[in-house]
Every structure is written in C-alpha cells, then in structure tokens.
Amino acid sequence: MPYLVNEKCIKCKFTDCVEVCPVDCFYEGENMLVINPDECIDCGVCEPECPIGAIISDTEDVGEKWLKLNQQYSEVWPNITLKKDAPNDAKDYEEETNKFEKYFSESPGGTDIVKNNNNEITEKRYEEKK
C-alpha cells in the first residue's frame, strides 16, 4: 500500500516530504511531485510533512487515478532528494480545486538538487531518462 501525491500538490509543490523519505521515492515535475509506488515502502513519514495534505494512501485513491499518474510520471521525471523552496505563488493555489484539469504539466522539473560523494549539495540540469 504505497502513498501517492494527488492534485493538491499542483502549483504548490512544497518539498518538505522529500526530506524525510528514507527511500528517495519522490520525483519532480514542473509543478508537482509524484511518488514511485514501486519504491515507496509505505512507512508514512511523508504524509504529515505535507502542509496541504497532498499525500494520500493508495486506499484513498478511488479509481486509481493518482496511482496511475504517480507510476507514469515517476518513470520519466527526475528524482528529487532534497527540499527546495516552494514556488513564490504557492499559497495562492492551496485552496483551489480542480487543479489537475486547470494546471497539470507533463514537463519534468528543471533541476535535480543532490548531495555528491563529499556530502556537498549540488544542482544539475535535468537530463531526460532513456
């Protein structure tokens, strides 16, 4: 039973959840995150970290819409392992509904922020997965 990201994340993209994930199963799109359900170990530590409640258990995913979306885009978007600043206008979209239909973007996130072997934080441009 993995956890999933739903449409509440769109245009908000708070990354508090990324920082606590023990298996680095978050992936970054242009305006939202997704969880790879095959990598998620169902520990639940990410769920309370999301300030807008965008992380749900797959048991709450009626019709498996979010399971399918998380699976699909976690296979093509870059992995994100460190917290980033939310978009400047994120607060403007927190209470908005139907964000998937209005704003969803298939585009990947712009950069990966990672720690190198010396534990230094680096940023690299996204490279498309082959």
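Position numbers for residues count from 1 along each chain, tracking the sequence in the order it is written. Where totals are concerned, whole chains, interfaces and linings use all residues; where local detail is concerned, this predicted model gives features only for residues with pLDDT of at least 70, and gives and counts side-chain atom pairs only at 80 or more. Side-chain figures throughout are based on the complete set of non-hydrogen atoms in the structure, without hydrogens or water.

## Describing the nonpolar core
Then comes step 1: Buried residues of nine kinds, namely Ala, Val, Leu, Ile, Met, Phe, Trp, Tyr and Cys, make up a nonpolar core once their side-chain atoms join them within 4.5 Å. To sort residues, take the accessible area from a 1.4 Å probe on protein chains only and compare it with the maximum for the residue type: under 20% means buried, over 50% means exposed, and anything in between is partly exposed. In terms of nonpolar packing, the biggest core is built from 32 residues, with Phe 26, Met 32, Ile 35 and Ile 55 touching the most fellow members.
Then comes step 2: Residues are treated as being in contact if the distance between any of their heavy atoms lies within 4.5 Å. Every residue in contact with Phe 26, bar those within four places of it in the chain, is listed here: Val 5, Cys 17, Val 18, Cys 21, Leu 33, Val 34, Ile 35, Cys 46, Ile 55, Pro 78, Asn 79 and Ile 80.

## Re the side chain of Asn 31
Then comes step 1: Counting through the fold element by element, Asn 31 comes out in the loop between strand E2 (26-28) and strand E3 (33-35).
Then comes step 2: By relative accessible area, Asn 31 is classed as buried at 10%.
Then comes step 3: Side-chain atoms alone can form a polar contact between residues adjacent in sequence; in general such a contact is a pair of N or O atoms within 3.5 Å, and within protein one must be able to donate a hydrogen while the other accepts it. In terms of polar contacts, Asn 31 uses its side chain to reach the backbone carbonyl oxygen of Tyr 103, at 2.7 Å.
Then comes step 4: Discounting chain neighbours no more than four positions away, the residues touching Asn 31 are Cys 9, Ile 10, Lys 11, Cys 12, Lys 13, Tyr 103, Phe 104 and Ser 105. Strands here mean DSSP runs of E at least two residues long; helices mean DSSP runs of H or I at least four residues long; both are numbered from the N terminus.

## Looking at the packing of aromatic side chains
Then comes step 1: When the centres of two rings from Phe, Tyr and Trp lie within 6.5 Å, Trp using its six-membered ring, the rings pair. Their planes under 30 degrees apart give stacked, over 60 give edge-to-face, and anything left gives tilted. Tallied over the entire structure, the rule returns six aromatic pairs.
Then comes step 2: Both rings, one in Trp 66 and one in Phe 100, keep their centres 5.7 Å apart while their planes meet at 90 degrees; by these two values the pair is edge-to-face. Residue Trp 66 is located in helix H2 (residues 65-74), and its partner Phe 100 is located in helix H4 (residues 99-103); the two are separated by 34 residues in the primary sequence.
Then comes step 3: Looking at Phe 100, the relative accessible area reads 22%, which means it is partly exposed.
Then comes step 4: Grouped by ring-pair contacts, the aromatic residues Trp 66, Tyr 73, Trp 77, Phe 100 and Phe 104 constitute a single cluster.
Then comes step 5: For Lys 11, the ring lying beneath its charged end belongs to Tyr 103, and the centroid distance is 5.4 Å. Placement of a positive charge over a ring is assigned whenever Lys NZ or Arg CZ falls within 6 Å of the ring centre and within 35 degrees of the normal to the ring plane.

## Focus: unusual backbone geometry
Peptide bonds are, in most cases, trans, and in most cases residues other than glycine have a negative phi.
Then comes step 1: A positive phi is found at Asp 42, a non-glycine position, where the angle reads about 60 degrees.
Then comes step 2: In this fold, Asp 42 is placed in the loop between E3 and strand E4 (55-57).
Then comes step 3: Taking relative accessible area as the criterion, Asp 42 reaches 29% and is therefore assigned partly exposed.
Then comes step 4: Residue Asn 98 is not a glycine yet carries a positive backbone phi of 55 degrees.
Then comes step 5: The class of Asn 98 is partly exposed, set by a relative accessible area of 43%.

## Considerations on the side chain of Lys 13
Then comes step 1: Within the secondary structure, Lys 13 sits in the loop between strand E1 (3-5) and helix H1 (16-20).
Then comes step 2: Of note is the side chain of Lys 13, whose polar atom sits 2.9 Å from the backbone oxygen of Gly 29.
Then comes step 3: At 3.2 Å, the side chain of Lys 13 forms a polar contact with the backbone oxygen of Glu 30.
Then comes step 4: Setting aside anything within four residues of it in sequence, one finds Lys 13 in contact with Glu 28, Gly 29, Glu 30, Asn 31, Met 32, Leu 33, Ala 86 and Pro 87.

## So, a negative patch on the surface
Then comes step 1: Residues enter patches when they are more than 30% accessible in relative terms and free of salt bridges; like-charged ones are connected within 9 Å and nonpolar ones (Val, Leu, Ile, Met, Phe, Trp, Tyr) within 5 Å. Calculation of accessible area relied on Shrake-Rupley with a 1.4 Å probe; when residues are assessed, cover is drawn exclusively from the protein chains displayed. One side-chain nitrogen of Lys or Arg within 4 Å of one carboxyl oxygen of Asp or Glu is enough to make a salt bridge. Counted as positive: Lys and Arg. Counted as negative: Asp and Glu, with His and the chain ends omitted from the count. The location of each charge is read from NZ of Lys, CZ of Arg, CG of Asp or CD of Glu. Taken together, the side chains of Asp 24, Asp 38, Glu 39 and Glu 75 define an acidic patch exposed on the protein surface.
Then comes step 2: Checked against the element boundaries, Glu 75 lands in the loop between H2 and helix H3 (90-93).

## Quick look at the environment of Lys 91
Then comes step 1: Relative to the helices and strands, Lys 91 is located in helix H3.
Then comes step 2: On the basis of relative accessibility, which here comes to 61%, the residue Lys 91 falls in the exposed class.
Then comes step 3: The spatial distance from the C-alpha of Lys 91 to the C-alpha of Ile 52 is 9.8 Å, given a sequence separation of 39 residues.
Then comes step 4: A distance of 3.3 Å separates a polar atom in the side chain of Lys 91 from a polar atom in the side chain of Glu 94.

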